[in-house]
Amino acid sequence: MTEIIKADQFKEGAALLKKGELVAFPTETVFGLGAVANNEEAVKQVYQVKGRPSDNPLIVHISRAEDIFTYAADMSAEKVTLITTLIKVFWPGPLTLIVPTRVGMFGPVVTGGLTTVGIRMPDHQATLNMITATGFPIVGPSANISGKPSPTQSKHVYHDFNGKIAGILDSEPTRVGVESTVLDVSSSDHKAHILRPGAVTASMLRQAVPDLEVQDFEFRQLDDAEVPKAPGMKYRHYSPNLPVYAVSTEKIEYVIASLKGKNIGLAASNQLLENMPTVNIKYKLGSSIAEFTHGLFDALRTFDDNPELDIILVQLLDDKEENQAYRNRLLKASSKVFE
Ligand code: TXA
Ligand code: MG
């Protein structure tokens, strides 16, 4: 049995972590699957229970922003200034920074043998308390079976890992709903590269550091021989067992008409669903991009657990910056795109 740990019982979670157990934890983005980052056996367990490919490095979570300088290698004064600004503006929050790792801090099981490491300070008080009580950073890939939608509610974690991990630090559904922006600031020049889109966008980064050269994330299919900069981005992700079609607002009626006889689950804006009487299994995503992003993974999981359904349709929003993280996760989950 997996123990559900109340937020104010975070010390219990820390005690389990210190014993080498796995404890899932909430953040503002998605739930993570925690293990103490210097416990090699525990970290190996994280890969094992997730079924995660071992060449995909983990990120580490810290509870005090300035600790990044303890775990990162010594950097140029210019880099230190850049990172100081970024953590002041965006931490705690949905931004993971890829920095050169201090030699000897994290084993290859964490970094995948790279000379860099991803570090972030999540915006969730109970989790920050648990990390502080643990006394060392904790690794935290999303707490889902590899390839499935990331968990945004404790019940999603329970669904995937009940009986397989020691505990889940309980919480309300996560605020953002998709994983953090991964920003590579490990190069020696004044450049930064978004390796995974999230709630922190290129515009927000440029506003915070006007002279920073930000290379935005580009979505494209990699061919098999290509090695992506963020190893995790090469895998098909977030994908339910049922086929998922991503469909633009204009094409939804057409696609539904073409699926006559199939039982469709449709996740879309409240407004669009009101005008869709022929579909009877619906998930309301709300009206703003924040609401869409917040609900996407729960919609995919809810539909996937519904034995009546044959197919999942999800409304695809326009290709603009604020929609980037939502589109990226939906496109990765989809077997077909109608746009
Ligand atoms: O919001 C989040 O970031 C969540 C919560 C739990 O904090 N965590 C999360 O972890 O999404 P994970 O492991 O699912 O995703 C981390 C991403 C992966 O795409 C991984 O390949 C990439 O960061 N990554 C990790 N270390 C890296 C490194 N040294 N260089 C480049 N990419 C790295
Ligand atoms: Mg993940």
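Above this text sits the structure in question.
Before going into details, it helps to say that this report is about the structure given with it. Predicted model, so just to flag it, every value in this text is computed and none were measured.

Topic: the packing of aromatic side chains
One pass over the structure, following the stated rule, counts six aromatic pairs. Measuring from ring centre to ring centre gives 5.7 Å for Tyr-71 and Phe-136, while their planes differ by 80°; the resulting arrangement is edge-to-face. With a gap of 65 residues between them, Tyr-71 in helix H3 (residues 68–71) and Phe-136 in the loop between helix H6 (125–134) and strand E7 (138–139) connect regions that are remote in the sequence. Since its relative accessible area comes to 10%, Tyr-71 is described here as buried. Ring geometry for Phe-292 and Tyr-326: centres 5.6 Å apart, planes at 75°, overall edge-to-face. Pair noted here: Phe-292 is in helix H11 (residues 289–304) and Tyr-326 is in helix H12 (residues 324–333), with a separation of 34 residues, a long-range link. The structure contains a cluster of three or more aromatic residues connected by ring pairs, namely Tyr-71, Phe-106 and Phe-136.

Quick word on the environment of Ala-65
As for its position among the elements, Ala-65 is in the loop between strand E4 (59–61) and H3. Expressed as a C-alpha distance, the spacing of Ala-65 and Phe-292, which sit 227 residues apart in the sequence, is 29 Å. The residues contacting Ala-65, other than those within four sequence positions of it, are Ile-87, Trp-91 and Met-121.

Looking at the side chain of Lys-50
Note on placement: Lys-50 falls in helix H2 (residues 40–50). Notably, Lys-50 is buried but unbridged: the nearest opposite-charge side chain belongs to Asp-160, and the N-O separation is 7.6 Å. A distance of 2.6 Å separates a polar atom in the side chain of Lys-50 from the backbone oxygen of Ser-142.

Topic: the sheet that holds strand E14 (residues 281–284)
Overall, parallel pairing links the five strands, which are arranged E14-E13-E15-E12-E16 in an open sheet. Looking at strand neighbours, the two that pair on one side only are E14 and strand E16 (336–338), the edges of this open sheet. Averaged over neighbouring strand pairs, the angle between their axes works out to 20° when direction is ignored. Sheet topology places strand E12 (residues 244–248) next to E16; three bridges connect them, and they run parallel. The residue of E16 that forms the bridge with Val-247 is Phe-338. Running at roughly 155° to E14, H11 makes contact with E12, strand E13 (264–268), E14 and strand E15 (311–316) of the sheet.

Structural notes on the packing of H11 against H12
Running from N to C, H11 and H12 cross one another at 25°; their axes reach a closest spacing of 10 Å. Classed by the angle they form, the pair H11 and H12 counts as roughly parallel. Judged by the twist between their axes, the crossing of H11 over H12 is left-handed. Across the interface between the two elements, Ile-289, Phe-292, Thr-293, Leu-296, Phe-297 and Leu-300 of H11 pack against Tyr-326, Arg-329, Leu-330 and Ala-333 of H12. Its residues placed into classes, the contact of H11 with H12 shows eight nonpolar, one polar and one charged.

Focus on unusual backbone geometry
With an omega of -10°, the peptide bond running from Trp-91 to Pro-92 counts as cis. On the secondary structure map, Pro-92 appears in the loop between helix H4 (77–90) and strand E5 (95–100).

Things to note about the pattern of salt bridges
Where charged atoms from two side chains of opposite charge come close, those side chains can pair. One pass over the full model with this rule turns up 11 salt bridges. A salt bridge links Glu-40 to Lys-44; the shortest N-O distance between them is 3.4 Å. Highlighted residues: Glu-40 and Lys-44, both in helix H2, separated by four residues, approximately one helical turn. Note that Arg-64 is salt-bridged to Asp-67, the shortest N-O span being 2.9 Å. Exposure remark for Arg-64: the relative accessible area of 48% places this residue in the partly exposed category. With relative accessibility at 11%, the residue Asp-67 sits in the buried group. Counted as one network, the salt bridges with shared partners bring together Glu-40, Glu-41 and Lys-44.

Regarding the pairing of E12
Within E12, five of the five residues are buried, which leaves it mostly tucked inside the rest of the structure. The alternating pattern of E12 places Val-244, Ala-246 and Ser-248 and Tyr-245 and Val-247 on opposite faces, both of which are buried. Sheet analysis places E12 next to E15, joined by five bridges and oriented parallel. What sits directly across from Val-247, in E15, is Gln-315.

A few points about the side chain of Asp-160
Relative to the helices and strands, Asp-160 resides in helix H7 (residues 154–161). Its relative accessible area of 8% is what places Asp-160 among the buried residues. Here the side chain of Asp-160 touches Ile-145 through a polar contact of 3.0 Å, landing on its backbone nitrogen. A distance of 2.9 Å separates the side chain of Asp-160 from the side chain of His-159, its partner in a polar contact.

Definitions and limits used
Residues numbered from 1 in each chain as written. Chains lettered and ligands numbered in written order. Predicted model: local features only at pLDDT ≥ 70, side-chain atom pairs only at ≥ 80, totals over all residues. Heavy atoms only, no water. Phe/Tyr/Trp six-rings, centres within 6.5 Å; stacked < 30°, edge-to-face > 60°. Helix = DSSP H or I, 4+ residues; strand = E, 2+ residues; numbered from the N terminus. Buried < 20%, exposed > 50% of the residue type's maximum accessible area, 1.4 Å probe, protein only. Contact = heavy atoms within 4.5 Å. Lys, Arg positive; Asp, Glu negative; His and termini not counted. Salt bridge = Lys/Arg side-chain N within 4 Å of Asp/Glu carboxyl O. Polar contact = N/O pair within 3.5 Å; in protein donor to acceptor, adjacent residues only side chain to side chain. Pairing = 2+ DSSP bridges. Axes fitted to C-alpha atoms, helices over the stretch in contact; angles between N-to-C directions. Parallel < 35°, antiparallel > 145°, perpendicular 65-115°, else oblique. Left-handed = near helix turned anticlockwise from the far one by under 90°. Nonpolar A, V, L, I, M, F, W, Y, C, P; charged D, E, K, R; others polar.

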